[in-house]
Amino acid sequence: MNKIAGLFIAISSFMAGQQQMSLLDCEEAFQKNNLQLLAEQYNINMADADILQAKIWELPQLSGQINAYNPEGKKAFDIGRAKGAEITQLIYMGGKKKNEIAFAKSNKELAQLQFSQLLVNLKAQLRAAYFNLYYEKQKLGNTNKQLGYMNDLLKAYRVQSAKGNVSLKDEVRLQSLVIQLNNDKLGINKNILEFEQNLKVLTGISAEIEPQLSDADAKEILAVQPFGDEDELKRKALENNSDYQYFLKLIDNSKLYAQWQKSLNVPDLNLGAGWDQNGGTFKNEVNLMIGIPLPLWKSNQGNVEKAHYAIQQNQKNADYQKLNLETKVQAAYKTWKNQYDQFAEIKTTDLSNMELVYDGMLKNFRKGNISLIEFTDFMDSYRETALQIFDMKNEIIQSAEQLNQLVQTKIFY
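What counts, and at which threshold
Residues numbered from 1 in each chain as written. Predicted model: local features only at pLDDT ≥ 70, side-chain atom pairs only at ≥ 80, totals over all residues. Heavy atoms only, no water. Helix = DSSP H or I, 4+ residues; strand = E, 2+ residues; numbered from the N terminus. Rg over C-alpha atoms; globule rule 2.2 N^0.38 Å. Buried < 20%, exposed > 50% of the residue type's maximum accessible area, 1.4 Å probe, protein only. Contact = heavy atoms within 4.5 Å. Areas by Shrake-Rupley, 256 points an atom, 1.4 Å probe, with all protein chains shown as cover. Lys, Arg positive; Asp, Glu negative; His and termini not counted. Charge placed at Lys NZ, Arg CZ, Asp CG, Glu CD. Phe/Tyr/Trp six-rings, centres within 6.5 Å; stacked < 30°, edge-to-face > 60°. Lys NZ or Arg CZ within 6 Å of the ring centre and 35° of its normal. Expected span 1.5 Å × (residues − 1). Axes fitted to C-alpha atoms, helices over the stretch in contact; angles between N-to-C directions. Parallel < 35°, antiparallel > 145°, perpendicular 65-115°, else oblique. Nonpolar A, V, L, I, M, F, W, Y, C, P; charged D, E, K, R; others polar. Patch = residues over 30% accessible without salt bridge, like charges linked within 9 Å, V, L, I, M, F, W, Y side chains within 5 Å. Salt bridge = Lys/Arg side-chain N within 4 Å of Asp/Glu carboxyl O. Core = buried A, V, L, I, M, F, W, Y, C linked by side-chain atoms within 4.5 Å.

(A) Main features of the overall build of the protein. Helix and strand content of the protein: 11 helices and eight strands. Taken over the C-alpha trace, the protein has a radius of gyration of 38 Å; the compact-globule value for 413 residues is 22 Å, which it surpasses by more than 25%. With respect to the principal axes defined by its C-alpha atoms, the protein has extents near 135 × 60 × 35 Å. In the protein, buried positions account for 38% of the 413 residues. Once local pairs closer than 6 in sequence are excluded, the contacts in the protein between residues at least 24 apart make up 80%. Accessible area for the protein stands at about 24,800 Å²; split by element, carbon and sulfur atoms hold 55% of it. Side chains of the protein carry 47 positive and 49 negative charges; the gap between the two charge centres is 3 Å.

Here it is as structure tokens:
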């Protein structure tokens with residue numbers, strides 16, 4: 001009774017450390033908890049602050065003057081008869097403020113596109129890790145099933161080998177197969193640990209995530225195909241890919257910056273008023289003051305030329321990104337198509353027959369209808385084929401996810 005209770009506690013503790021989650025659950029947790037995403041959001045907030053700052057004018061300047069020494073009356077700080085005050089305000093000319101605000105707003109649009117691209121990239125990592133973990137768990141279950149039977153069989157052969165009823169060679173043959181299965185299991189568990197860690201970081205959930213995906217749902221995901229041919233996918237990618245849109249927006253941004261720098265060559269106006277108690281033509285006179293720099297040369301010409309070069313540079317970068325994106329979409333589509341077609345050649349009946357043959361070989365070996373050599377050869381072949389089939393399924397989904405990441409709009413129906 002105590003053993004049963006202990007087993008129940010152990011199972012409960014194990015289950016408490018795991019959390020069954022669908023892909024949608026993981027995506028929702030990712031949106032709420034991902035620290036990279038939350039940190040990137042502040043760039044948009046800072047861009048808003050830059051817009052606010054761009055709208056603020058220079059403060060007016062107030063200055064005053066008092067007498068320091070009266071040489072006629074030989075009196076220091078003769079404030080009663082000699083003082084004055086001035087107030088001036090810088091007036092921006094040439095549309096400087098309008099251009100600065102437009103540039104700041106363009107920077108915000110760039111920050112939003114960077115956020116969108118980070119969201120897409122991290123979400124793609126999340127989905128890739130989720131499906132990787134799902135299929136590694138499938139591989140682990142299949143490998144454990146084989147190991148359970150083969151370990152029992154090896155124990156039995158060891159007993160019979162010690163008694164001299166079977167040859168040591170047969171025991172070694174079984175031992176070799178068990179070692180291969182254990183090596184497979186070691187590699188699978190290593191992969192599972194890596195994908196679990198990735199999901200923890202991406203979702204912000206500390207518990208071990210157990211993918212909640214039914215066989216029917218997995219088959220449905222494998223069966224979907226992209227809407228449109230290769231050219232249609234390229235067109236959609238150019239319209240929706242945030243990374244490419246960022247480089248297009250960067251051209252507009254650099255044009256706005258150039259316009260702003262050009263407007264800085266226009267002299268600004270200093271407008272003000274002053275009062276002088278006793279130092280002007282009249283007593284207590286009030287004067288209007290206007291000041292403007294003499295435009296003898298363009299004081300910001302270097303920055304204007306630099307800004308024009310930036311436009312040309314960003315245009316070339318955008319052209320490169322367009323070519324790069326189209327090439328990536330083409331390669332991703334072909335990769336998906338090749339993997340999909342290859343797996344489609346394997347009929348559902350073929351997969352069912354493989355399991356039937358596996359069960360049949362186990363039964364016939366128990367009955368002594370087949371030799372140990374035939375049995376171990378089949379088991380080794382089955383072991384490799386089972387792992388390859390899981391990998392093929394996963395690769396189809398991973399290539400589809402890569403295509404989704406590039407096109408960034410719904411293309412699988």
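(B) Examining the packing of aromatic side chains more closely. For the structure on display, the rule yields 14 aromatic pairs. Centre to centre, the rings of Y130 and F131 are 5.9 Å apart; their planes meet at 90°, and the pair counts as edge-to-face. Exposure class is identical for Y130 and F131. Each is buried. Ring pairing ties together the aromatic residues Y333, W336, Y340 and F412, which thus form one cluster. One cation-aromatic arrangement involves K97 over Y92; the distance from NZ or CZ to the ring centre is 5.2 Å.

(C) Spotlight on helix α5 (residues 168-203). A rise of 1.5 Å per residue sets the reference length of α5, with its 36 residues, at 52 Å; its end C-alpha atoms lie 52 Å apart and thus fit the reference within 8%. A positive phi of about 75° marks G204, the residue just after α5.

(D) Local environment of the packing of helix α3 (residues 35-54) against helix α4 (residues 96-163). Direction vectors running N to C along α3 and α4 enclose 175°, while the axes themselves pass 8 Å from each other. The orientation of α3 with respect to α4, classified from their angle, is roughly antiparallel. Across the contact of α3 with α4, the residue classes tally to 12 nonpolar, six polar and seven charged.

(E) Seen up close, unusual backbone geometry. Phi at N284 is positive, roughly 50°, even though this residue is not glycine. Inspection of the secondary structure puts N284 in the loop between β7 (269-276) and β8 (285-291). Taking relative accessible area as the criterion, N284 reaches 46% and is therefore assigned partly exposed. Backbone geometry at Q408 places phi at a positive 60°, although glycine is not the residue there.

(F) Inspection of the environment of I251 at higher detail. Position of I251 among the secondary structure elements: in helix α8 (residues 242-263). The class for I251 is buried, based on a relative accessible area of 6%. In this structure the C-alpha to C-alpha distance between I251 and N317, which are 66 residues apart in sequence, comes to 9.3 Å. With near-sequence residues (within four places) excluded, I251 lies in contact with N314, Q315 and A318.

(G) Representation of a nonpolar patch on the surface within the structure. A cluster of nonpolar side chains, contributed by I66, F77 and I79, occupies part of the molecular surface with about 300 Å² of accessible area. Here F77 is to be found in the loop between β4 (75-76) and β5 (83-91).

(H) Spatial organisation of the nonpolar core. With 76 residues, the main nonpolar core has M150, L153, F365, F375, M379 and L403 as its most contacted residues. Here this core gets 18 residues from one element, more than from any other, and that element is α4. For F365, the residues in contact, after removing those within four places along its chain, are Y149, L153, Y157, I370, S371, L372 and F375. With seven residues, the next largest nonpolar core counts L110, Y246, L250 and A318 among its residues.

(I) A look at the pattern of salt bridges. For the structure on display, the rule yields 20 salt bridges. Of the charged contacts, one joins E239 and R235 as a salt bridge, the two residues approaching to 2.6 Å between their closest N and O atoms. One end of the pair, E239, and the other, R235, are both in helix α7 (residues 230-240), four residues apart, so they sit about a helical turn from each other. On the basis of relative accessible area, E239 is assigned to the partly exposed category, the value being 46%. The partner of E384 in a salt bridge is R383, and the shortest N-O contact between them spans 3.5 Å. Residue E384 is classed as partly exposed on the basis of its relative accessible area, which comes to 38%. Classification of R383 as buried rests on a relative accessible area of 9%. Linked by salt bridges that have partners in common, D184, D380, R383 and E384 make up one network.

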